[in-house]
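Summary of the model geometry
The chain contents come next:
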Amino acid sequence: MCGFVYRRLAYAQVLPNIYRCVVQNLGTNHVDLCLGLLPSSIRSFSTNIEQVKKEHSFTASYLINSCGLSPEKAKSVSKRIKLQSTEQPDSVLKVLRNHGFTAAHITKLVRMRPSLLLANPERSILPKFEFFKSLGITDAELASVCSSTPAILGHSLENLLIPNYKFLKSVLLSDANVIKSFRKKSWLFQQDLAKNVSPKLTVLRELGMPEPFIALILTCFASIVLQKFEKFDQNVKKVIELGFDPQKCGFIHAMQVFAAMSQSTWEQKLNVFRGWGWSDKDIMLVFRKCPNCMNTSESIMNAMDFLVNKMGWQSTDIALYPDVFLLSLEKRVIPRCLVIKVLQSKGLLKKNLSPSTCVKPVEKLFLDRFVTKYLDQVPELMNIYQRKEGFQDLEMNIYVSSSKL
């Protein structure tokens, strides 16, 4: 008898879990079929399963009808949340709508953080809205930020959001700057800034970094100070050894490169340049001039292939102007070089122009110097520069033979 009771109790405990497993893998339409295959002693507990089934169906329906989720997404989200009535989620949606959240905002927020539907809006949502609005953040901004980063509504106002606001204001100096940070870098409010960021800023200040640079790091290059302290400390030492000055912007850009790059990736970048005949001295010269050029290997390879193999420049010449790696190859470098090659093929320009002469000037200066000036001799030059239809096929002919048009 005891064994029988024990088995029935065990069935009662596991059946809801069996149902959830069936729903997740087969869908609600297969539940009744599966129940029919179970022993009668287990089917007697189907009341529990029917209750879970109703809860699952109710939650999915609410997510579709009240929150705008698609049936497929509602089915997925309903595995993460269980609604038993409309009272609680309705009160949450009312608060959101009263503070400028559109239907699209609500759909996005619920899809990313459905647990907010179970929150007490008076205790956990409204105080945060009131706090951010007291800083000058509008309803529209609040809705945009919170629907994109809904986790911010899950953090403690007293223990995290307010301390982070005070910390950011101490660095950024004004509410206006804090608001700007909230709009663009709202995830900063989710970090324990006093614990994780303040010690790193202290290191930078001790190195003589100006306060405007400190503020720039927090607003534009926060990954520098959000990495673990050990890596941050290693990168600081590495950047200083490479000759960067903490009182110049190049230091920040170099720190940003190392913050986003492992040592093995760094070595891969170096090998790309070495493959083009650059010495380590050349590479360090390039890196000191333009740290950001190390961010993408593909653009480096494509630019070097074009400038060396098609334009005929020496790879060491390119090292003197590494900013070329940050320019669009298709939109800026190739059209300009095509114009230069056409003019050289007609004897209108000398052959030994440097890369910087071609790609460095601003648009108006380049047009005045290399296009408008020669339109009398080469009327089609503007069409060539703009790579209009009918002139694109000239590229290969010019690069291969430098023959006259």
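Above this text you will find the structure in question.
My aim in this report is to walk through the structure given alongside it, one point at a time. (Residues numbered from 1 in each chain as written. Predicted model: local features only at pLDDT ≥ 70, side-chain atom pairs only at ≥ 80, totals over all residues. Heavy atoms only, no water.)

**Re the overall build of the protein chain**
Counting secondary structure elements, the protein chain contains 26 helices and 0 strands. Of all 405 residues assigned to the protein chain, the portion counted as buried reaches 43%. Taking the contacts inside the protein chain whose residues are at least 6 apart along the sequence as the reference set, 69% of them involve residues at least 24 apart. (Helix = DSSP H or I, 4+ residues; strand = E, 2+ residues; numbered from the N terminus. Buried < 20%, exposed > 50% of the residue type's maximum accessible area, 1.4 Å probe, protein only. Contact = heavy atoms within 4.5 Å.)

**With respect to the side chain of Ser147**
Position of Ser147 relative to the elements: it lies in helix α9 (residues 139-148). If near-sequence neighbours (up to four positions away) are discounted, Ser147 is found in contact with Phe101, His105, Lys108, Leu109 and Met112.

**Brief notes about the environment of Tyr62**
In this fold, Tyr62 is placed in helix α4 (residues 46-65). For the pair Tyr62 and Pro89, spaced 27 residues apart in the sequence, the C-alpha separation amounts to 9.1 Å. Of the polar contacts made by the side chain of Tyr62, one reaches the side chain of Asp90; its length is 2.5 Å. (Polar contact = N/O pair within 3.5 Å; in protein donor to acceptor, adjacent residues only side chain to side chain.)

**Here we look at the environment of Arg288**
Tracing the backbone shows Arg288 in helix α19 (residues 280-289). Look at Arg288 and you get partly exposed, because its relative accessible area is 41%. As for Arg288 and Gly250, which are separated by 38 residues in sequence, their C-alpha atoms are 7.4 Å apart. Not counting residues within four places of it along the chain, the set of residues in contact with Arg288 comprises Leu242 and Phe244.

**Side note on the nonpolar core**
Membership of the largest hydrophobic core comes to 119 residues, with the highest contact counts inside it found for Phe132 and Phe325. Every residue in contact with Phe132, bar those within four places of it in the chain, is listed here: Ile137, Leu142, Ile152, Leu161, Phe182 and Phe189. (Core = buried A, V, L, I, M, F, W, Y, C linked by side-chain atoms within 4.5 Å.)

**Details of the pattern of salt bridges**
Note that side chains of opposite charge can pair when their charged atoms are close. One pass over the full model with this rule turns up 9 salt bridges. Arg336 serves as the salt-bridge partner of Glu363, at 3.5 Å between the closest nitrogen and oxygen. Taken together, the residues span a long stretch of sequence, with Glu363 in helix α24 (residues 363-371) and Arg336 in helix α22 (residues 329-345) at a distance of 27 residues. Note on Glu363: relative accessible area 39%, which makes it partly exposed. For Arg336, a relative accessible area of 1% puts it in the buried group. (Salt bridge = Lys/Arg side-chain N within 4 Å of Asp/Glu carboxyl O.)

**Notes on α9**
Residues of α9 that are buried include every one of Glu141, Leu142, Ala143, Val145, Cys146 and Ser147, and no others. Where α9 is buried, its residues contact α7 (103-112), α8 (121-134) and α11 (175-184).

**Describing the packing of α22 against α24**
The N-to-C vectors of α22 and α24 enclose an angle of 15°; their axes lie 11 Å apart at closest approach. Considered as vectors, α22 and α24 are oriented roughly parallel to each other. Both α22 and α24 take part in a crossing whose hand is left-handed. Contact residues: Arg336, Val339, Ile340 and Leu343 in α22; Glu363, Phe366, Phe370 and Val371 in α24. Across the contact of α22 with α24, the residue classes tally to 6 nonpolar, no polar and 2 charged. (Axes fitted to C-alpha atoms, helices over the stretch in contact; angles between N-to-C directions. Parallel < 35°, antiparallel > 145°, perpendicular 65-115°, else oblique. Left-handed = near helix turned anticlockwise from the far one by under 90°. Nonpolar A, V, L, I, M, F, W, Y, C, P; charged D, E, K, R; others polar.)

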